[in-house]
Amino acid sequence: MPDINITGGCQCGAVRYAVHETPFQIGICHCRMCQKAAGAPFVASFTVKKANLEWTRGLPAVFKSSTNMERGFCKDCGTPLFNNWVPSEVIHPTVGSLDDPNAVRPEGQMGTESRVAWLADIVALPEMSTDDAFKGYEDLAAEIVATNRQHPDHDTSVWPPKQ
Amino acid sequence: MNQDLPMRGGCQCGAVRYALRQWPTGPHICHCRMCQKAFGSFFAPLTGVKLDKFEITRGELAIFMSSDEAERGFCRNCGTPLTFHYVGSDRIAVSIGSLDEPERIKPEYQYGIEGRLSYFGELAAIPRETVTEEDDPEKAAAIHRTNHQHPDHETNGWHPDGSEPDAEGR
C-alpha cells in the first residue's frame, strides 16, 4: 500500500479505519436516502479504493439501503461511516468520521433534487462557540469534559482507557 | 408549509419511528467536534421539544452516552443519528434530517463554531452539481427498484428486508 495513513472512526472508538490513499471525489449528497441515513441535510463523503481502506479496530455494521448499496455505521454509537456501492471498486467514507475532516475539501454536490431550501442560508446564521453557549452552565460543561467518552482524533492502542 | 402535528420522523430503515406532539423549537446546527463525529458530518442539525411531547411510535432508540451528561439516540439496525438528550433535561432534540419533511425546520443558530470546518462557508457554492437520476440513470434505477428505505410517512408495518407488510401490518 502507498505510504499514506489517514485515520478516522466512530464517536465511541469501537470502529477505527485507515485509508492508504489520497482521498478523491470529495463531495456532499443531498438525496433523500443520504439525508435520512445521516439524519442531516446531506452526507459528506470522500472516495478511496476499497483495497486502500483498512479496518484497524472493530468492524462496521451495515444496512443495505438498497440491494447493492451498503451504509456502514457503528452499532455501538451509530456514527455513519461509509456508503458502499457493492459492485464498485471504490468506497465512500464519511468526512465527519475522519480524525481531521479539514484535510479534505468538498468539490462536488450530488442529489440536488432533494437539497433543502434553507441550505444556502445556514452559512450565515447567528453563531456562538461552545464556551459561550455554556456560560452559566460551566458545571455541566466541566462534567461533559470530565466524562467524555468520545474516542480522541488519533489512533489509540487501548480503548476505552483502563480505569 | 405544512403546519400539521404531530410532526413525524424516523430512521432510514424504519425500525424506529417517532412523533413530535408540539412544534419543535430552537432549530440549530452544532459544529462541535462531538457532534461532527456522532453524525459523521460537518455538523449536527437539531431541533427540540418537551420530553413529554416526544413519542417513540415504533421500535426503540439505541443510546450512546457520549459523556455522563448526554445521551445520543440512534437506530441499532441502520445507524441513523436520531436524538440528543441531556440527562435530567425536560427537553429532547431530534436530528432534522430524520424528520419526514426536513424542509419544515430551518436552522436559526449555529453553535460549536470552534469546531467549524474551514470550508463550511463555501457550502452553498460547491461546484459540479448533479441530479441523482441524471448522474447515473442505471444505478438510480437499480436503487429505486430495490429501495429498503422507510417512506417519509407512517406505515402500518415494517419489514427489515424492505418488503411490503400485508394489510394487517405483518
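S.K.: Residue-level account of the overall build of chain B, with values.
M.R.: Per the secondary structure count, chain B includes three helices and 10 strands. Counting helices and strands in the order they occur from the N terminus, chain B gives β-β-β-α-β-β-β-β-β-β-β-α-α. Here the C-alpha atoms of chain B give a radius of gyration of 17 Å, agreeing with the 15 Å that 2.2 N^0.38 yields for 170 residues. Each principal axis of the C-alpha atoms in chain B carries an extent, and together these give about 45 × 45 × 30 Å. For chain B, the residues scored as buried account for 43% of the 170 residues in total. Within chain B, contacts between residues at least 6 apart in sequence are counted, and of these 60% link residues at least 24 apart.

S.K.: Kindly report on the pairing of strand E7 (residues 70–74) of chain B, identifying the contributing residues and their values.
M.R.: Note on strand geometry: in a regular strand, side chains alternate between the two faces of the sheet. All names here are of chain B. Within E7, four of the five residues are buried, which leaves the element mostly enclosed by the surrounding structure. Bridge analysis of strand E6 (residues 62–67) against E7 gives five bridges, and the strand direction is antiparallel. By the bridge assignment for E7, Ile63 is matched with Gly73. Pairing of E7 with strand E8 (residues 81–86) involves five bridges; the strand directions are antiparallel. Counted as the bridge partner of Arg72 is Phe84 from E8. Between E7 and E8, which pair antiparallel one after the other, the connecting turn spans six residues, and Gly79 there sits at a positive phi close to 95°.

S.K.: Could you give an account of the confidence of the model for chain B, with specific residues and numbers?
M.R.: Looking at chain B as a whole, the pLDDT averages 92, with 92% of positions reaching at least 70. Reported confidences for the modelled complex are a pTM of 0.93 and an ipTM of 0.94.

Scoring rules and cut-offs
- Residues numbered from 1 in each chain as written.
- Chains lettered and ligands numbered in written order.
- Predicted model: local features only at pLDDT ≥ 70, side-chain atom pairs only at ≥ 80, totals over all residues.
- Helix = DSSP H or I, 4+ residues; strand = E, 2+ residues; numbered from the N terminus.
- Rg over C-alpha atoms; globule rule 2.2 N^0.38 Å.
- Buried ≥ 20, exposed ≤ 12 C-beta atoms within 10 Å, placed from the backbone.
- Contact = placed C-beta atoms within 7 Å.
- Pairing = 2+ DSSP bridges.
- pLDDT = per-residue confidence, 0-100.

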